[in-house]
Amino acid sequence: MGGEFQETLNADILKSHRFVSKSEAMFNIHFPKSHESLLAAQQRLKFEELFFIQLQLIRKKIMRNTRFKGNKFESVGELFNSFYKNHLPFSLTEAQKRVIREIRKDLGSGAQMNRLLQGDVGSGKTMVAVMLMLIALDNRYQTAMIAPTEILATQHFITIRALLENLPVQVSLLTGSTKKADRKEIHSRLEDGSLHILVGTHAIFEEKVQFSNLGLVVIDEQHKFGVAQRAKMWRKTIFRHIFS
């Protein structure tokens, strides 16, 4: 075999998975001695690629948790409890309860949270988001919900406003169609903290939109927003948690 490749996996991994050496894998991926040797080389190299991708993800997560601190939501207070006991329109499923508990734990850890919640249409993702927003409000932080279209943002606004109409929570809608006078009022109320939840579209990314103490952002259909757009939210006061 012409030339040797430096081994990248430790002996324990090689032994436990019965992998061939790096040199043997590299040789047989190009010049296999048999079908079996080709399969062994493919298995070894595919594992190695995924293994180091996973290590990179773990490393980035550790760096994010240590370098970028989140807002610590220490209490579940009056707004959350009042809504849960008196205004919840239907009983939560066990899956919804579990998700809320998991995210509550994240929000109380003091570490930055980036979490993706998946579910079918009508599975209750909006209800979960509303209850988590109330936890943020109980800890004196503002929240925002961003949707990719005006129609979807308006639907969320109507739903959230109806759910919270019996609570002292101020909710507003900001889109590209918002009138100048209304937009100016929203900007003012965001900055003085009297506006608690802002629902909107890409208009929320504008530099003029500044929060007093933004603590939680919910993004609907997050795949429709670019990295640069989401990064803009980082520059809006003390934003630390994202939930999509």
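Please refer to the structure higher up on the page.
Cut-offs and rules
- Residues numbered from 1 in each chain as written.
- Predicted model: local features only at pLDDT ≥ 70, side-chain atom pairs only at ≥ 80, totals over all residues.
- Heavy atoms only, no water.
- Helix = DSSP H or I, 4+ residues; strand = E, 2+ residues; numbered from the N terminus.
- Buried < 20%, exposed > 50% of the residue type's maximum accessible area, 1.4 Å probe, protein only.
- Contact = heavy atoms within 4.5 Å.
- Areas by Shrake-Rupley, 256 points an atom, 1.4 Å probe, with all protein chains shown as cover.
- Axes fitted to C-alpha atoms, helices over the stretch in contact; angles between N-to-C directions.
- Left-handed = near helix turned anticlockwise from the far one by under 90°.
- Phe/Tyr/Trp six-rings, centres within 6.5 Å; stacked < 30°, edge-to-face > 60°.
- Parallel < 35°, antiparallel > 145°, perpendicular 65-115°, else oblique.
- Nonpolar A, V, L, I, M, F, W, Y, C, P; charged D, E, K, R; others polar.

S.K.: What's the story with the overall build of the protein in this structure? I'm lost.
M.R.: Scanning the protein for helices and strands turns up nine helices and six strands. Burial statistics for the protein: of 244 residues in total, 41% are counted as buried. Put simply, of all contacts in the protein between residues at least 6 apart along the chain, 70% involve residues at least 24 apart. Carbon and sulfur atoms provide 52% of the accessible area of the protein, an area that totals close to 14,300 Å².

S.K.: I tried to follow the packing of helix H5 (residues 94-107) against helix H6 (residues 125-138) on my own but got confused; where do I start?
M.R.: Packed helices, taken two at a time, are described by the angle their axes make and the gap between the axes. Remark: H5 packs on H6, axes separated minimally by 10 Å, with the N-to-C direction vectors making an angle of 30°. Between H5 and H6 lies a crossing of right-handed hand. Where H5 abuts H6, its residues Gln96, Val99, Ile100, Ile103, Arg104 and Leu107 lie against Val128, Met131, Leu132 and Ile135.

S.K.: Where do I start with the packing of aromatic side chains in this structure?
M.R.: Any pair of aromatic rings gets described here by the distance separating the centres and the angle formed by the planes. On inspection of all chains with the given rule, the structure shows six aromatic pairs. Between phenylalanine 27 and phenylalanine 31, the aromatic rings sit 5.7 Å apart at their centres with planes inclined by 45°, giving tilted as the arrangement. Taking relative accessible area as the criterion, phenylalanine 27 reaches 27% and is therefore assigned partly exposed. Take phenylalanine 31: its relative accessible area is 57%, and that puts it in the exposed class. Of the aromatic side chains, those joined through ring pairs into one cluster are Phe19, Phe47, Phe51 and Phe52.

S.K.: Any chance you could explain the packing of H6 against helix H7 (residues 150-163) here in plain terms?
M.R.: Between H6 and H7, the least distance of the axes is 11 Å, while the angle of their chain directions is 55°. Comparing their axes, H7 and H6 come out oblique. At the point where H6 passes H7, the crossing takes the right-handed sense. Across the interface between the two elements, Thr126, Met127 and Val130 from H6 touch His156, Thr159, Ile160 and Leu163 from H7. Taken together, the residues of the contact of H6 with H7 break down into four nonpolar, three polar and no charged.

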